[in-house]
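Chain by chain, the residues:
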Amino acid sequence: MAWHSVAKTSDVTEGEVIGVEIEGTPIAIYNLDGEFFATHNVCTHAFALLSDGYVDDGKIECPLHQGIFDIRSGKAEEGPVDEDLQTFPVKVEGDALLIEI
Ligand code: FES
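Residues numbered from 1 in each chain as written. Predicted model: local features only at pLDDT ≥ 70, side-chain atom pairs only at ≥ 80, totals over all residues.

## A short note on the sheet that holds strand β11 (residues 96-100)
Here comes step 1: Overall, antiparallel pairing links the three strands, which are arranged β1-β11-β10 in an open sheet. Edge positions in the sheet fall to β1 (3-8) and β10 (90-93), since each of these pairs with one other strand and no more. On average, each strand axis in the sheet is inclined to that of its neighbour by 35°, with strand direction left out of account.
Here comes step 2: One ladder, built from four bridges, connects β10 with β11; its direction is antiparallel. Residue pairing for β11: Glu93 is matched across the bridge by Ala96. (Pairing = 2+ DSSP bridges. Helix = DSSP H or I, 4+ residues; strand = E, 2+ residues; numbered from the N terminus. Axes fitted to C-alpha atoms, helices over the stretch in contact; angles between N-to-C directions.)

Pasting the structure below:
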């Protein structure tokens, strides 16, 4: 496990999600009210990138079959998804976003 500087805080505007890759692992980074969170970027149902989905009220909706996950916990909540998303620790140093993976 190591911290990776992957983006700037200004790259992820409030209520949005971006996709990055860390050592081959696709990661989604979210900004919820100025707080940052990270999950695996691939839906646990089939292949879709959650960074192409929709953030609403602390949840991410998958763009393919509208499965819904809680962004903070990764918990699979609604739709055809029953496997939780992996989450990753995030910290901010200056304007840098770091993710531990
Ligand atoms: Fe995400 Fe089916 S691929 S809900």
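## Comments concerning the sheet that holds strand β7 (residues 68-70)
Here comes step 1: With antiparallel pairing, the four strands of this open sheet are ordered in space as β5-β6-β7-β8. Pairing within the sheet leaves two strands with one partner each, and these edge strands are β5 (54-56) and β8 (76-78). Each strand axis lies, on average, 35° off the axis of its neighbour in the sheet, ignoring direction.
Here comes step 2: Sheet topology places strand β6 (residues 59-61) next to β7; three bridges connect them, and they run antiparallel.

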